[in-house]
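# Fold and contact review
Each chain is listed here by its residues.
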Amino acid sequence: MEAKQTIESGKAVLGIEFGSTRIKAVLIDEQSTPIASGSHEWENQLVDNIWTYSEEAIWEGLQHSYREMAEDVKRKYGVVVKNLAAIGFSAMMHGYMAFDAAGNLLVPFRTWRNAITAEASEKLTELFQYNIPQRWSIAHLYQAMLNGEEHVKDISFQTTLAGYIHWKLTGEKVLGVGEASGMFPIDIASGTYDPDMVAAFDKEVADRGYPWRLLDIFPEVRTAGEPAGVLSPEGAKRLDTSGNLQAGIPLCPPEGDAGTGMVATNSVACRTGNVSAGTSVFSMVVLEKELSRVYPELDLVTTPSGNLVAMVHCNNCTSDLNGWVNLFREFAEALGMEVDADRLFGTLYRKALEGDADGGRLLAYNYISGENITGMEEGRPLFVRMPDSAFNLANFMRVHLYTALGALKIGMDILLKEEGVKVDKLLGHGGLFKTKGVGQQILADAMNTPIFVMDTAGEGGAWGIAVLAAYMVQKAEGETLEDYLNDRVFAGQEGSSLAPQPEGVRGFDEFIRIYKAGLPIERAALDSLTTGNSTGTEVI
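Residues numbered from 1 in each chain as written. Predicted model: local features only at pLDDT ≥ 70, side-chain atom pairs only at ≥ 80, totals over all residues. Heavy atoms only, no water.

Looking now at the environment of L308. Of note, L308 is situated in strand β17 (residues 308–314). L308 sits in the buried class, given a relative accessible area of 11%. Placed 18 residues apart in sequence, L308 and E290 show a C-alpha to C-alpha distance of 7.8 Å. Ignoring anything within four residues of it in the chain, the contact list for L308 reads I188, V285, V286, L287, K289, E290, L300 and V301. (Helix = DSSP H or I, 4+ residues; strand = E, 2+ residues; numbered from the N terminus. Buried < 20%, exposed > 50% of the residue type's maximum accessible area, 1.4 Å probe, protein only. Contact = heavy atoms within 4.5 Å.)

Turning next to the sheet that holds strand β14 (residues 272–277). One open sheet accounts for 7 strands, arranged β16-β17-β15-β14-β20-β21-β22; its pairing is mixed. The open sheet has two free edges, formed respectively by β16 (299–302) and β22 (496–498), since each of these has just one partner strand. With direction set aside, neighbouring strand axes in the sheet form an average angle of 30°. (Pairing = 2+ DSSP bridges. Axes fitted to C-alpha atoms, helices over the stretch in contact; angles between N-to-C directions.)

This brings us to helix α2 (residues 55–77). Relative to the 33 Å expected for 23 residues at 1.5 Å per residue, α2 spans 33 Å between its end C-alpha atoms, a close match to the ideal helical length. All of the buried residues along α2 are I58, W59, G61, L62, S65, Y66, M69, D72, V73 and Y77. Downstream of α2 by a residue or two, G78 has a phi angle that is positive, lying close to 70°. (Expected span 1.5 Å × (residues − 1).)

Moving on, we come to helix α17 (residues 481–489). Every buried residue belonging to α17 is among L481, E482, Y484, L485 and V489, and all of these are buried. Buried residues along α17 cover an arc of 170° about the axis, so they all sit on one side. (Arc of directions from axis to C-beta.)

Turning our eyes to something else, we now look at the confidence of the model for the chain. When pLDDT is averaged along the chain, the result is 94, and 97% of the positions lie at 70 or above. In this model residues 533–540 is a low-confidence stretch, pLDDT under 50, and it forms 24 contacts with partners more than four residues away in sequence or in other chains. (pLDDT = per-residue confidence, 0-100.)

At N49, a residue that is not glycine, the phi angle is positive and equals roughly 65°. Along the chain, N49 falls in the loop between β4 (45–47) and β5 (50–52). Residue N49 is classed as partly exposed on the basis of its relative accessible area, which comes to 35%. Phi is positive for R271, which is not a glycine, with a value near 70°. Mapped onto the elements of the fold, R271 is located in the loop between α10 (257–264) and β14. Accessibility expressed as a relative area gives 26% for R271, which makes it partly exposed.

What follows deals with the packing of aromatic side chains. Counted according to the given criterion, the structure contains 29 aromatic pairs. For the pair W42 and Y53, a centre-to-centre distance of 4.0 Å together with 25° between the ring planes defines the contact as stacked. With a gap of 11 residues between them, W42 in the loop between β3 (34–41) and β4 and Y53 in the loop between β5 and α2 connect regions that are remote in the sequence. Across the pair, exposure class does not vary: W42 and Y53 are buried alike. Ring geometry for W324 versus F383: centroids 6.5 Å apart, planes at 70°, classification edge-to-face. (Phe/Tyr/Trp six-rings, centres within 6.5 Å; stacked < 30°, edge-to-face > 60°.)

Quick look at the nonpolar core now. Judged by nonpolar contacts, the single largest core of 130 residues is most densely connected at I138, L141, F184, F201 and L408. Broken down by element, this core gets its largest block of residues, 10 residues, from helix α16 (residues 460–474). Setting aside chain neighbours within four positions, we find L408 in contact with V275, V281, F282, S283, V312, C314, L443 and M447. L27, A36, Y66 and Y77 belong to the second largest nonpolar core, which has 44 residues in total. (Core = buried A, V, L, I, M, F, W, Y, C linked by side-chain atoms within 4.5 Å.)

Now the structure itself:
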């Protein structure tokens with residue numbers, strides 16, 4: 001009855017996040033408890049060697065996930081969603097969406113997954129003396145310039161996927177600071193794009209004759225808690241095709257999945273961190289101070305409230321692992337057995353814990369796409385073994401869980417061992433942790449630190465952006481995001497913790513030694529095998 005009254009009175013808050021394979025809508029009450037949800041499965045496409053999603057797929061997915069949420073409300077509570085206290089949108093960070101003055105997309109959306117901006121990344125890192133990864137929006141823009149792409153002169157607005165959706169539903173060209181920090185470096189003191197780097201970029205490209213400067217085409221930056229516009233009449237109709245949803249609902253600044261992951265795991269304060277493990281895997285550690293130097297393996301971004309964060313981002317995590325699990329599903333079906341997904345994944349994941357600590361000296365690379373951490377511009381998934389390797393199912397599964405965290409381990413070792421960064425608490429969330437105690441233990445051994453997993457972390461970024469929207473409308477004067485999360489959302493919640501096991505730590509260290517030594521094998525595969533997709537389309 002309380003949930004019903006919350007919805008009928010327009011006090012519920014909606015969060016929608018666009019993940020790599022799923023778009024999820026979560027409706028929460030005034031205590032940030034989920035009360036309804038909806039989702040939509042989608043897939044990126046490799047078109048002309050560019051990982052992309054079409055505009056049609058974006059809007060179809062948004063509308064379907066909202067419709068499922070509304071149907072869930074109707075089914076559970078017998079009411080219709082007409083008004084909301086606030087809405088928030090989130091999506092995969094980075095990438096490139098460029099529009100002309102009429103609002104038309106100039107080239108297909110280039111996602112974070114594209115490792116096609118190596119030249120721009122290298123030159124901008126040198127120009128700024130600040131690491132600019134290939135997936136960052138500024139790298140995509142500069143690479144388009146270096147390529148001499150005709151559309152660049154016509155750009156009127158450049159944004160991210162989250163910023164695009166927010167713009168089309170509100171008319172506001174804004175981004176949350178965490179999402180903006182994946183477009184361009186942020187000046188922590190001012191909470192917006194670093195002015196010295198903006199000036200350096202404009203000077204660098206001045207002789208190219210474009211009719212705009214960088215800040216002319218970039219979205220404005222907003223901090224968590226600040227208003228970011230309201231749902232327009234056109235936006236309401238576009239979001240809710242039934243026409244029931246009212247216009248005028250306030251929206252919080254759109255954020256990236258890294259920021260919403262930090263919120264979902266209550267890791268926005270200094271010396272906290274989280275690891276998000278799904279299609280990609282990345283860690284976020286909130287820093288007490290700047291790093292001593294520039295590392296190509298470490299990004300510097302921000303929390304939604306603007307604090308400095310070291311990010312280790314790896315393009316590949318569970319996609320190849322999922323492919324192997326689906327192969328076992330096919331085998332079971334060929335034997336006439338029906339196995340549901342949860343049982344299949346759970347059985348195989350738990351089997352991994354029976355394997356040798358070092359994975360039986362098996363080796364795998366899960367590179368469906370390129371991997372910046374190890375310098376691979378494209379992906380070639382590989383499984384390799386020696387004649388005397390201990391080849392059995394337990395080790396096979398263990399090594400594929402290990403390799404899902406292999407590139408991450410390389411970056412985190414730099415952060416924790418070379419830079420000596422202190423982390424009081426590291427939390428895990430995402431699909432890798434769905435089978436209780438398996439991915440969590442593997443990560444604890446890989447990082448050699450206890451890993452916490454909270455019940456709410458399973459709600460993911462859609463819940464995280466809903467919480468950010470709720471913070472905007474519920475916060476008391478002067479109440480920080482950190483205080484809001486600690487006192488209102490996560491009060492009394494510690495989550496379950498698993499400590500690293502000494503044998504597991506030694507085993508993962510041995511695996512990573514073999515992993516590093518075997519990288520020339522991956523390079524040889526990349527140099528020797530073509531994908532056959534230079535003009536075709538592949539769905540992953």
